[in-house]
Amino acid sequence: MVRRLLPPALLALALGCTDPVAPQYLVKDLRILAIQAEVISDGQGASDADAGDRLRLSALVANPEGLPMTVQWIACAPLLGETVSPCLDNAVLRDPARLLAHPEVIPLGTGESVETDVAPELGPAILGITQGASCPRYLELPVIAVASAGERRQMALKRVRLVAYQHLAPSGYVRNQNPRLLELRAGVADPDLCSNGTPVTGPISGRQELCGRMADGADQTFIACNSRNQSVAAVEALSWQWYVTGGTFEDLDDDGPREAGNVFGREVAFLPPEGPFTLWVIARDGRGGTSWQVYNVP
Amino acid sequence: VTLIPFIALLVGAAGAGTLTQAPKLSNFVEAEYPAEAAAAGLSGAVELALIIDETGEVLEARVVEPGPHPAFGPAALHAAALFRFEPAEIDGVPAKVEIGYRYEFVFRPAPPPAELPVVLQGKILERGTRNPVVGAVVEASRAAPGAPGMAQQREVLQSAETDAAGAFALRGIAPGPVQIRVVSPAHREIKLDETIEEGKRREVEYRITRHRYDPFETVVRGERERREVAVHSLKLEEVRTLPGTQGDLLKVLQNFPGVARSPFGIGLLVVRGSAPQDTKVYLDGVEVPLLFHFGGITSVVNSDMLESLDFHPGNFGSRFGRAMGGAIDVHTRQARKEGVHGNVNLDIFDGEALLEVPVGDGGLIASVRRSWVDQVLDAALPRIDAEAANELRVAPRYYDYQLKLDHPALGGNLSAMAFGSDDAMSFIQSQDEPGRPAFFLRTHFHRLAAHHHRSFGAGTRLRSTVALGYDGVDVNRATAFGVRSEVLSLTLREAVVFKRSERLSLELGVDAVLRSFGYRLYLARQRPPDTVLDSDGAEGDPVTDEAAEGAWLAPAIHAELSWVPEALPKLRLVPGLRVDHDSRLKRSRVWLDPRLAAFYQLLPGTTLTAAVGLYGEAPQPEEMTQTFGNPDLRPQRSVHYSLGAIQELPYQSRVELTGFVKSMDRLVAETRALRPDGSAKHLDNTGLGEVYGAELLLRRELAAGLFGWVAYTYSNSVRRDDPTVPGFPRWHPFQFDQRHILTMVLSYRTAQEWTFGTRIRGVSGSPYTPEVGNIYNSDSGRYLCVDGDSGSRRLPAFFQADVRVDKRWVFDKWVFSAYVDVQNVSNHENAEFYFENYDCSTRVALPGLPLFPSLGLRGEW
């Protein structure tokens, strides 16, 4: 095993020496930037769903070229056991057309947002994975959005968590809510920029520190499984991700080409471009919860 | 009359074993000085070739160079036939060898009567090594009066020969100035002026310089019967100065035919298209889990502890097992028994020290090495402030040690050895949780071993090895992956060789390992293979863990016959059988590996070889874990075929051509299949492999300072996956398949102790799997790459030239060496690996080593 582990370790060591390539944050054409799953049948804004829940799936799609665009949604069977899902299969994903036509995928509709029901037939499977477990477990429902504009086609995967939350409630299970990203604030470097900064409502001029301000209680405390399958209390580790159609994010870590220009962090340094641009900021809670804000800056 | 015995350079030959003990003259018989030569005042040397058998008797003597007088040859032959030697040892056992012997006849006046007083006495020592010089002639002379106008003649007054301690004494020389001349065949002659004083005895110590500081002037002539059709042997002194190896004997392995080049030189041993873990490495018969620190910086054993290594790329004998690839047999040397010696080596990676001392009739040798890369980085990189720093800190550190005691015991030779290695490295990033680095790796092993070998008469030899071992691994990558394992092992190897005649011998052996293990492993839930989420927990998947402990026994018995049929004396057959058992396995616990090798001497110097054999190997321990592997796996199998020819050439050279085919089945392969309970099998014995190719080796042994080889390998290694994987039933290239591998190595030493070396390598690019699309993982904000066909593209070809210059300075009591080694002297940019960019649409090449000079220093005494 050690012989197999060493090469990745050495490669990791070498990664820091590579030149960066085009940054991920810079959006020039069609992209799907995020997907949010929200249970709408109970109005609580939760991302955890159970059998029978009504679910809204929304895609944050960047289409800076303004080409006519469609978004198709499909789902595969939950990742139960170790069967191979066509939604994850390399051989199927090589060709989006083949994926859409695959007999095992379930079409969910078309549009930047679709609504669907979690099939009641999944109830026993969702409950089954919970029962007998010493800590909260969930099933994953793979959902794929396929955006098309002109010749360009983009796929994005969302694994919706299916949890028997009502069954788990007596044991203290905290149902996951989508975190709420309230606003974007700007200012000079300030340890408490999200409180002291100025809300961004208009043009951004000159180099600015930006902060994605969350609603209170966005980072929930919840019960998680540790690596020994024991229940432990944990606090959600919120993460942010930034995209723009122009401008430059500064002071980025050089983590190799796979991470080139992928801007994470609650506060970032940004040099805006000349003229109008669009800025997207996305917040994730690490448990399937997502929210975002879009700024079309004149 | 003085007779100077001298064991001179001999001709190396194909298939030579490892000379672990040179023959030593134990009973010298003085030749009668031919009267005609004495009357003429003639001196001169006769070069003889002597064949010495396993008991030390001279079987055959012949004159190679008769010297300046025809009577010298017969006189030397007559005396040499009566010599008696302590036999040579090959691989630790007495063996028949052929040596060169120079009989030097030095005419001297009759010695003065013994009652004359000693006026000059002392010792002759070798510079640098401080070894006594035996058999040197010390001659005192004085200018003789001559006729005016004539060149001045010298009158030899007295001469003496040094004894086993290098001591001599000159007697009865009249007071006054004299010239002392010291003559030794292996050393440079010196002349000094001394003054003899009336009534005084002068004590002196003279140091003379060896012609070449090369301890391997005696090379075996291939008398050990060759048992494998392909075996490549190396001796330390041959390779110490090869470029790109830092003098590391084991790193030189990667330049042999049949060995693929490792990316970044990380030391993976990919032998004839087999996976790295399929080649086993033994140190004095004890398996070691790692050959190199951190996969390639340097080997885990100080090369100065090593005598030699034998590399078997395939079709190896039945004494090696549990391996489908190759076998590497590394031998440590015995401590020198004369005086205290040691050395210190310093280079850019580490420092090492070695000390050897005589202990009774045996010797003790100890070595320790410690890296200083961590110290250098610690000083060079900014200190991490846990609160504010945003730097990556890398702290690799390694050390190893060896301790060996040899002593005659129990009618043979007993050696006790302790050795081990410890590597640790961690990447610490500012965002890491306290106490949990982004990456941590520690691998360490320790061995305590005892070896004994002895002979029972002329025909039976017994080798015994018992060893205790500890292997520890501790790896974690933050919260996503971790493994901690400890293995205790007890190894027992016994082999007895019965030699009935030159035509027939039999080796029987036991090779057993008992292991006790405990491990804990945590890992992200594994996805089926060839899916976009099949990597480990980088995407934040929940992890699961497994812990277990237990013990397993893997005993084996093996037998091998060496038989020359009476009707076909040019043919030798070596049939063997090995029976292995592995108590871990639920199925096919016992497997039989029959093997056969044949050698046919077509012409003197021309040998044809052929071999076929079955090679079984149990799955790796991690492949049989309950949660992440498959406990129902069976042993993997491989059939090796090879056909070759060996041709001896002039100038101590030879050429070997070997064709090979390897057919593998039951290979452990990833599967999408499920167990009856719906859980994943993860792995199954459904993989297939095929390898075919040819190797060409043109090699010159170290002689007259010149040494090197050209190795070319053509290889085609393919695999077929499990039927449930989409790539099935197509065959695809093996991960490290390299079609053409060409290596040229050359080293030349001048008499002035300069050594110039070069290594040139050209290798086909390794396969890689291209990315043909992507899907955005909206839960992480990163793209997942969609793989294309496995191994369907190749990296560009690799080329690298290295050069090295060594200089050795010999002082009275020690020797100092320095080298400059420049790797990739042409600064050729070699793509070692491709990284995809963030959305897998562009590849970025990770280049290998640029032009890289390094400096090393060595002191020895």
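Residues numbered from 1 in each chain as written. Chains lettered and ligands numbered in written order. Predicted model: local features only at pLDDT ≥ 70, side-chain atom pairs only at ≥ 80, totals over all residues. Heavy atoms only, no water.

### Notes on the overall build of chain A
- In terms of helices and strands, chain A carries 6 helices and 18 strands.
- Evaluated residue by residue, chain A yields a buried proportion of 52% over its 298 residues.
- Within chain A, contacts between residues separated by at least 24 positions form 69% of all contacts whose residues are at least 6 apart in sequence.
- Carbon and sulfur atoms provide 51% of the accessible area of chain A, an area that totals close to 12,600 Å². (Helix = DSSP H or I, 4+ residues; strand = E, 2+ residues; numbered from the N terminus. Buried < 20%, exposed > 50% of the residue type's maximum accessible area, 1.4 Å probe, protein only. Contact = heavy atoms within 4.5 Å. Areas by Shrake-Rupley, 256 points an atom, 1.4 Å probe, with all protein chains shown as cover.)

### Quick look at the overall build of chain B
- Across its full length, chain B holds 4 helices and 52 strands.
- Every one of the 861 residues in chain B was classed for burial, and the buried ones make up 56%.
- In chain B, of all internal contacts separated by at least 6 residues, the share reaching a separation of at least 24 is 66%.
- When the accessible surface of chain B is totalled, it reaches about 34,600 Å², and 59% of it is carbon and sulfur.

### Let's talk about helix H2 (residues 72-80) of chain B
Residues and elements named next belong to chain B.
- Listing the buried residues of H2 in full gives Phe-72, Gly-73, Ala-75, Ala-76, Ala-79 and Ala-80. The arc enclosing the buried residues of H2, seen along the axis, measures out at 165 degrees, which places them on a common side. In this structure, H2 carries Pro-74 and His-78 as exposed residues pointing more than 90 degrees from its buried face.
- Where H2 is buried, its residues contact helix H1 (35-39), strand S5 (44-52), strand S6 (58-65) and strand S10 (97-106). (Arc of directions from axis to C-beta.)

### A look at the side chain of B:Ser421
- With respect to the helices, strands and loops of the structure, B:Ser421 is situated in strand S28 (residues 412-428).
- Excluding residues that lie within four positions of it along the chain, B:Ser421 makes contacts with B:His293, B:Val300, B:Tyr399, B:Asp400, B:Tyr401, B:Thr443, B:His444 and B:Phe445.

### Let's talk about the sheet that holds strand S3 (residues 19-21) of chain B
All names here are of chain B.
- Strand order in this open sheet of 3 strands is S3-S8-S9, and the pairing throughout is antiparallel. If you trace the sheet from one side to the other, it starts and ends with S3 and strand S9 (93-95), each paired once. For this sheet, the mean angle separating the axes of adjacent strands, direction not counted, is 55 degrees. (Pairing = 2+ DSSP bridges. Axes fitted to C-alpha atoms, helices over the stretch in contact; angles between N-to-C directions.)

### Thoughts on unusual backbone geometry
All names here are of chain B.
- Each neighbour pair has its own omega, and for Phe-728 with Pro-729 the value is 5 degrees, a cis peptide bond.
- Even without being a glycine, Arg-130 presents a positive backbone phi close to 65 degrees.
- Checked against the element boundaries, Arg-130 lands in the loop between strand S11 (118-126) and strand S12 (137-144).
- Positive phi, normally seen in glycine, also occurs at Ser-588, with a value near 50 degrees.
- Relative to the helices and strands, Ser-588 resides in the loop between strand S34 (571-581) and strand S35 (590-603).
- Among the residues examined, Ser-588 registers a relative accessible area of 28% and is labelled partly exposed.

### A look at the packing of aromatic side chains
All names here are of chain B.
- Summed over the entire model, instances satisfying the criterion amount to 32 aromatic pairs over all chains.
- Seen from their ring centres, Phe-83 and Tyr-103 are 5.9 Å apart, and the 40 degrees between their planes marks the pair as tilted. Here the residue Phe-83 occupies a position in the loop between H2 and strand S7 (84-86), and Tyr-103 occupies one in strand S10, the gap between them amounting to 20 residues.
- Taking 5.9 Å as the distance between ring centres and 70 degrees as the angle between the ring planes, the aromatic pair formed by Tyr-101 and Tyr-103 counts as edge-to-face. (Phe/Tyr/Trp six-rings, centres within 6.5 Å; stacked < 30°, edge-to-face > 60°.)

### Some points on the pairing of strand S25 (residues 362-371) of chain B
All names here are of chain B.
- Two strands pair when backbone bridges link them, and strand S24 (residues 350-359) and S25 are joined in this way by 10 bridges, in the antiparallel orientation. Within S25, the residue paired with Leu-354 across the bridge is Ser-367.
- The antiparallel hairpin formed by S24 and S25 contains 2 residues in its connecting segment, where Gly-360 sits at a positive phi of about 60 degrees.
- Two strands pair when backbone bridges link them, and S25 and strand S27 (residues 397-409) are joined in this way by 8 bridges, in the antiparallel orientation. When the bridges of S27 are listed, Val-368 appears paired with Tyr-401.

### Digging into the sheet that holds strand S17 (residues 202-208) of chain B
Residue and element names in this part refer to chain B.
- Read across the sheet, 3 strands follow the order S14-S11-S17 without closing on themselves; strand pairing throughout is mixed. Edge positions in the sheet fall to strand S14 (167-171) and S17, since each has one partner strand and no second. Strand after strand, the sheet turns through a mean of 25 degrees between neighbouring axes, direction not considered.
- Summarising the sheet, S11 and S14 pair through 5 bridges and their orientation is antiparallel. Bridged to Val-118 within S14 is Arg-171.

### Examining the confidence of the model for chain A
- Of all residues in chain A, 90% have pLDDT values of 70 or greater, and the mean over the chain is 86.
- For residues 1-20 of chain A, every residue scores under 50 in pLDDT, and the model assigns this stretch 40 contacts once sequence neighbours within four places are set aside. (pLDDT = per-residue confidence, 0-100.)

### Observations concerning helix H4 (residues 123-130) of chain A
Residues and elements named next belong to chain A.
- For H4, the full list of buried residues reads Gly-123, Ile-126 and Thr-130. What you see down the axis of H4 is that its buried residues fit within an arc of 75 degrees, all on one side.
- In the core, the buried residues of H4 are packed alongside strand S6 (139-149), strand S7 (152-162) and helix H5 (165-168).
- Within two residues after H4, Gly-132 carries a phi angle of roughly 85 degrees, on the positive side.

### Looking at the pattern of salt bridges
- Within the structure shown, the criterion is met by 64 salt bridges over all chains.
- Note that A:Asp29 is salt-bridged to A:Arg152, the shortest N-O span being 3.3 Å. Highlighted residues: A:Asp29 in the loop between helix H1 (2-15) and strand S1 (31-39) and A:Arg152 in strand S7, separated in sequence by 123 residues.
- Put simply, B:Asp422 and B:Arg442 hold a salt bridge, and the shortest N to O gap is 2.5 Å. Note that B:Asp422 is positioned in strand S28 and B:Arg442 in strand S29 (residues 439-456), a separation of 20 residues in sequence.
- Exposure remark for B:Arg442: the relative accessible area of 27% places this residue in the partly exposed category.
- Three or more residues joined by partner-sharing salt bridges are found here, namely A:Glu38, A:Arg54, A:Arg56, A:Glu115 and A:Asp117. (Salt bridge = Lys/Arg side-chain N within 4 Å of Asp/Glu carboxyl O.)

### Here's the deal with the side chain of A:Gln36
Residue and element names in this part refer to chain A.
- For Gln-36, the position within the fold is in strand S1.
- Among the polar contacts made by the side chain of Gln-36, one reaches the main-chain carbonyl oxygen of Thr-290 at a distance of 2.6 Å.
- Dropping the residues within four chain positions of it, Gln-36 is found in contact with Arg-56, Leu-57, Ser-58, Asn-178, Thr-290, Ser-291 and Trp-292. (Polar contact = N/O pair within 3.5 Å; in protein donor to acceptor, adjacent residues only side chain to side chain.)

### Observations concerning the pairing of strand S16 (residues 190-196) of chain B
Residues and elements named next belong to chain B.
- The sheet contact formed by strand S15 (residues 176-183) and S16 spans 7 bridges and is antiparallel. Counterpart to Pro-177 in the pairing with S16 is Thr-195.
- Connecting S15 to the antiparallel partner S16 that follows it, the hairpin turn spans 6 residues.

### Examining the state of the cysteines
Residue and element names in this part refer to chain A.
- Under the definition given, this model contains 3 disulfides over all chains.
- Cys-76 shares a disulfide with Cys-87; S-S distance 1.9 Å. Handedness here is read from the sign of the S-S torsion; for Cys-76 and Cys-87, about 85 degrees, the answer is right-handed. Here the residue Cys-76 occupies a position in the loop between strand S3 (69-75) and helix H2 (90-93), and Cys-87 occupies one in the loop between S3 and H2, the gap between them amounting to 11 residues. The residues Cys-76 and Cys-87 share a single accessibility class, namely buried. (Disulfide = S-S within 2.5 Å.)

### Here we look at the nonpolar core
Residue and element names in this part refer to chain A.
- Among the nonpolar cores identified, the biggest contains 39 residues, and Leu-57, Trp-73 and Leu-162 are the most heavily contacted of them.
- Residue assignment for this core shows that the elements contributing at least two residues are S1, strand S2 (54-62), S3, S6, S7 and strand S17 (277-284).
- Aside from chain neighbours lying at most four places away, what touches Leu-162 is Ala-49, Pro-78, Val-118, Leu-122, Ile-126, Tyr-138, Leu-139 and Leu-141. (Core = buried A, V, L, I, M, F, W, Y, C linked by side-chain atoms within 4.5 Å.)

### Description of the environment of B:Pro263
Residue and element names in this part refer to chain B.
- Note that Pro-263 resides in the loop between helix H3 (236-239) and strand S19 (280-283).
- Taking the C-alpha atoms as reference points, Pro-263 and Gly-765, 502 residues apart in sequence, are found 10.0 Å from one another.
- Setting aside residues up to four positions removed in sequence, Pro-263 forms contacts with Phe-736 and Glu-832.

### Re the confidence of the model for chain B
Residues and elements named next belong to chain B.
- Summing up the model confidence of chain B, the mean pLDDT is 84 and the portion of residues at 70 or higher is 88%.
- Confidence, read as mean pLDDT per element, is least for strand S1 (residues 2-4) in chain B (36) and greatest for S34 (97).
- This model gives residues 215-224 a pLDDT under 50, and the stretch forms 38 contacts once residues within four places in sequence are excluded.
- Across residues 536-540 the pLDDT falls below 50, and counting only partners more than four positions away or on other chains, this stretch makes 11 contacts in the model.
- Interface predicted TM-score (ipTM) for the complex: 0.93; the corresponding pTM is 0.79.

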